[in-house]
Amino acid sequence: MAPCSSNGTVDADTVSLLQDIANRLRIDSIKATNASNSGHPTSCCSIAEVMSVLFFHTMRYKVKEPRDPANDRFILSKGHAAPILYAAWAEAGLFPVEDLLKLRKVDSDLEGHPTPRLNFIDVATGSLGQGLSCAAGMAYTGKYFDKADYRVYCVIGDGESAEGCIWEALNFASFYKLDNLVAIFDINRLGQSEPAPLQHDMETYKKRLEAFGWNTYVVDGHDVDALCKALHEASVMKGRPTCLLTKTYKGRGIPGIEDQENWHGKPLGTKAEDAITSLTTAISNMEASLKPASPAADVSPVDITNIRLSEPPSYEKGQMVATRLAYGTALVKIGKNNSRVIALDGDTKNSTFSQKFKDAFPERFIECYIAEQNLAGVAIGTATRDRSVAFVSTFAAFLSRAFDQIRMGAISQTNVNFVGSHAGISIGEDGASQMALEDLAMFRTIPGATVFYPSDAVSCERAVELAANTKGVCFIRTSRPNTAILYSGDEEFRISKAKIVREATTDQVTVIGAGITLHEALKAADMLAEAGITIRVIDPFTIKPIDANTIVHSAQQTGGRILTVEDHYPEGGLGEAVASVIAEEKGLVLRRLAVSGIPRSAKPAELLDMFGISASCIAKAVKQMVAA
């Protein structure tokens, strides 16, 4: 890598080489998309100079160790331009250029959009608008946790800048003074089906970015020298993130296609040969290349394994404690034992009780305010390269706003833990907008996710401990009301292992509840006992994976009768999880009690009765099943 002068300019030979590399990247992108007969070559061509300058002049990284913690980070938020990202890494020498012709083939990890199946990808992109939040999380980690020199670069499409989460991320990065973050907007004027709203109105873009507090430059995105200079200035900026607004042209360098509509997401087909010929004639040296600079300094390794509570849960059986409070207590305990446990919240910390963690470890708490999509994206960014163990909390209902970020987090192989409080109608008077009644269904659809639903403070603390050590997305559902302690502090909990909290040889029905409804089931058991009916009561602990063996075995011992009761809509919750378990079992009958309609403001007890999930409703359902 050739050094910059004091004002960021580079010598003419380096400029020529970088331009040649840009055109080689264009050629490789065209060849790759033609070989797969699909892809986005024109979207690649608009960022060719940006990619050349970043990867072969500005960024510092170890080619053979793409995820070295000291490396600069790169996020391609406009993930459809993946072929040119792959081409840049091939040009750098990570893998043979010939492998680019395997793009989008079933036996290749060079997918249509980037995923961490590739060792040089930190987060999956392609669902547009999410890259900058992840980049901000990486930059926050670098500045405040790692206290390291690495920088974070994110390329964003002008079309995707219409996404609100982009502006959430812009606000976040400015507020936290992430001067190690550079956002590069590829303003190539054209969207997928028509021009982007502002087209090439660079002045309006500039005013908007400056209004968000960013150090902003308008740059000719095809001028290598101008890009080098702007990126150098970004590297010496203190106290503010930098944005390069690059004016570019879609399909740059392709005669008859550059800056033309209706070429989004189309390989060039028969036009490829002429395009490659034209680009080849513009290259001065087809062989010479530049090698990226190594990182300035190594970054210390961290250990995020074997995270444990600093002391076991310490409650008295029967004591009334909300699981949301136990979450905050447990978070502090694991924070004491590992300095890489961090917490993020969306301005609900005094309700989710993540406030307890902030009070104990203010330097490891990230307030993301009321911007749940960015909250999720930042958390995913902080957890990349195993630099943190992130716990994200807010009202469970509001996590639905970030469902796409969570979905993409799974594709990103993230290990972020989400904690949703104020679940179900049991929150009472706040009303339907605050009641999470879809959250279990949402997280159960996430591939590889673990869904915890603790029913008392002890099990909640253990759920936090387990989640900290579990790969993949984890969700912990916590409740607002105080509930009785059921377990001793030394009780062992395991993922996919249920607890039988009440049983007798005379049990006639297996009743499965979780959270509030487990306690209602126990009350119902007392009521039924007075009528001479005994029931088995099961606490599933995890809804995904669910303990199929305990459920089936218990049902077989209780006349084949199962009753589920949940503070959730019927679709996708506890009842359907149990239904999936017994679908192929003979002789078992399942009845489900759930919240059957849109609730309203009322006292929790009134709502439990109104929607048929209170103790008295459970007792009635059991009697009907026994009598049938």
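Keep in mind it's a predicted model, so treat the numbers as computed, not measured.

S.K.: Would you mind showing me how to read the pairing of strand S18 (residues 561-565) here?
M.R.: Strand residues, when the strand is regular, have side chains that alternate between the two faces of the sheet. Within S18, four of the five residues are buried, which leaves it mostly tucked inside the rest of the structure. With four bridges joining them, strand S15 (residues 509-513) and S18 adopt parallel strand pairing. From the neighbouring strand, isoleucine 512 faces S18, where its bridge partner is threonine 564. Relative to strand S19 (residues 589-593), S18 is paired through five bridges, and the arrangement is parallel. Residue pairing for S19: arginine 561 is matched across the bridge by valine 589. For the segment spanning S18, helix H19 (residues 574-582) and S19, crossover handedness is right-handed.

S.K.: Hey, could you run me through the sheet that holds strand S17 (residues 542-544) in this one?
M.R.: Paired through backbone hydrogen bonds, the strands of a sheet run either parallel or antiparallel to each other. Sheet architecture is open: seven strands sit in the order S8-S7-S9-S10-S12-S11-S17, paired in mixed fashion. Only two strands of the sheet have a single neighbouring strand rather than two, namely strand S8 (365-367) and S17. Strand-to-strand twist in this sheet, taken as the mean axis angle between neighbours without regard to direction, amounts to 20°. For strand S7 (residues 341-345) and S8, the ladder comprises three bridges, and the chain directions are parallel. Opposite alanine 343, over in S8, you have phenylalanine 365 as the bridge partner.

S.K.: Help me understand the nonpolar core, please; the structure alone is not making it clear to me.
M.R.: Side chains that are nonpolar tend, in soluble globular proteins, to be buried together. Membership of the largest hydrophobic core comes to 78 residues, with the highest contact counts inside it found for Leu132, Leu181, Leu344 and Phe418. Counting residues per element, this core draws most heavily on helix H5 (residues 131-145), which supplies eight residues. Setting aside residues no more than four positions away along its own chain, leucine 132 makes contact with Ser77, Cys154, Ile156, Ile166, Ala169, Leu170, Leu181, Ala183 and Trp214.

S.K.: Looking at this structure, how should I read the pattern of salt bridges?
M.R.: Working definition: two side chains of opposite charge can pair if their charged atoms are close together. For the structure on display, the rule yields 31 salt bridges. Salt-bridge contacts for arginine 117 lead to glutamate 111; the nearest nitrogen and oxygen are separated by 2.5 Å. For arginine 117, a relative accessible area of 53% translates into the label exposed. Taking relative accessible area as the criterion, glutamate 111 reaches 24% and is therefore assigned partly exposed. Among the ionic pairs, arginine 536 bridges to aspartate 507, the shortest N-O distance being 3.1 Å. In this pair, arginine 536 sits in strand S16 (residues 535-539) while aspartate 507 sits in the loop between strand S14 (499-502) and S15, placing the two residues 29 residues apart along the sequence. Arginine 536 gets classed as buried once you look at its relative accessible area, which sits at 4%. Taking relative accessible area as the criterion, aspartate 507 reaches 5% and is therefore assigned buried.

S.K.: I keep staring at the packing of aromatic side chains and nothing clicks. Help me out?
M.R.: What characterises a pair of aromatic rings is the spacing of the ring centres plus the angle enclosed by the ring planes. Summed over the entire model, instances satisfying the criterion amount to 23 aromatic pairs. Look at phenylalanine 55 and tryptophan 89: their rings are 5.7 Å apart centre to centre, the planes differ by 80°, and that puts the pair in the edge-to-face class. One end of the pair, phenylalanine 55, is in helix H3 (residues 48-58); the other, tryptophan 89, is in helix H4 (residues 82-92), with 34 residues separating them in the sequence. Like tryptophan 89, phenylalanine 55 is buried. Taking 5.3 Å as the distance between ring centres and 15° as the angle between the ring planes, the aromatic pair formed by phenylalanine 395 and phenylalanine 398 counts as stacked. Here phenylalanine 395 falls in the buried class, since its relative accessible area comes to 9%. One aromatic cluster in this structure is built from Phe55, Tyr61, Phe74, Tyr86, Trp89, Phe95 and Phe120. Note that arginine 73 overlies the ring of tyrosine 150, its terminal NZ or CZ placed 3.6 Å from the centroid. Positioned above the aromatic ring of phenylalanine 493 is the side chain of lysine 499, whose terminal nitrogen or guanidinium carbon lies 4.8 Å from the ring centre.

S.K.: What is the right way to look at empty space enclosed by the protein in this model?
M.R.: Which parts of space are left empty comes out when a probe the size of a water molecule is rolled across the atoms. Within the structure shown, the criterion is met by three cavities of 30 Å³ or more. Roughly 150 Å³ of volume is contained in the largest cavity. Along its surface, the largest cavity is lined by 19 residues, and Phe74, Trp89, Phe120, Ile121 and Asp122 are the ones closest to its centre. Taken together, the elements giving at least two residues each to the lining of the largest cavity come down to strand S1 (73-76) and H4. Counting residues per element, the lining of the largest cavity draws most heavily on S1, at four residues. Every residue lining the second largest cavity is listed: Leu190, Gly191, Gln192, Ser193, Glu194, Pro195, Lys250, Gln260, Glu261, Asn262, Trp263 and His264.

S.K.: How should I be thinking about H5 in this particular structure?
M.R.: One full turn of an α-helix is made of 3.6 residues, so residues set three or four places apart face in the same direction. Over its 15 residues, H5 runs 20 Å from end to end, which matches the ideal 21 Å to within 8%, given 1.5 Å per residue. Burial analysis of H5 places 13 of its 15 residues in the buried class, which makes it a mostly covered element. Note on H5: the residue one or two positions beyond its end, lysine 147, has a positive phi of about 50°.

S.K.: What is the right way to read helix H16 (residues 457-468) from this model?
M.R.: Between its first and last C-alpha, H16 extends 17 Å over twelve residues, near the 16 Å set by a 1.5 Å rise per residue. Counting buried residues along H16, eleven of its twelve residues qualify, which places the element largely inside the surrounding structure. Along H16, the residues that are buried comprise Ala457, Val458, Ser459, Cys460, Glu461, Arg462, Ala463, Val464, Glu465, Ala467 and Ala468. Looking at the buried positions of H16, the neighbouring elements they touch are strand S6 (320-322), helix H10 (323-337), strand S9 (389-395), strand S10 (417-421), strand S11 (450-452) and strand S12 (474-477).

Basis of the calculations
- Residues numbered from 1 in each chain as written.
- Predicted model: local features only at pLDDT ≥ 70, side-chain atom pairs only at ≥ 80, totals over all residues.
- Heavy atoms only, no water.
- Buried < 20%, exposed > 50% of the residue type's maximum accessible area, 1.4 Å probe, protein only.
- Helix = DSSP H or I, 4+ residues; strand = E, 2+ residues; numbered from the N terminus.
- Pairing = 2+ DSSP bridges.
- Right-handed = clockwise from strand over helix to strand, strands pointing away.
- Axes fitted to C-alpha atoms, helices over the stretch in contact; angles between N-to-C directions.
- Core = buried A, V, L, I, M, F, W, Y, C linked by side-chain atoms within 4.5 Å.
- Contact = heavy atoms within 4.5 Å.
- Salt bridge = Lys/Arg side-chain N within 4 Å of Asp/Glu carboxyl O.
- Phe/Tyr/Trp six-rings, centres within 6.5 Å; stacked < 30°, edge-to-face > 60°.
- Lys NZ or Arg CZ within 6 Å of the ring centre and 35° of its normal.
- 1 Å grid on protein atoms, 1.4 Å probe; cavity = no way out; pocket = protein on both sides within 12 Å on 5 of 7 lines; lining within 4 Å.
- Points joined across faces, edges and corners; volume = space filled by probe spheres on them.
- Expected span 1.5 Å × (residues − 1).

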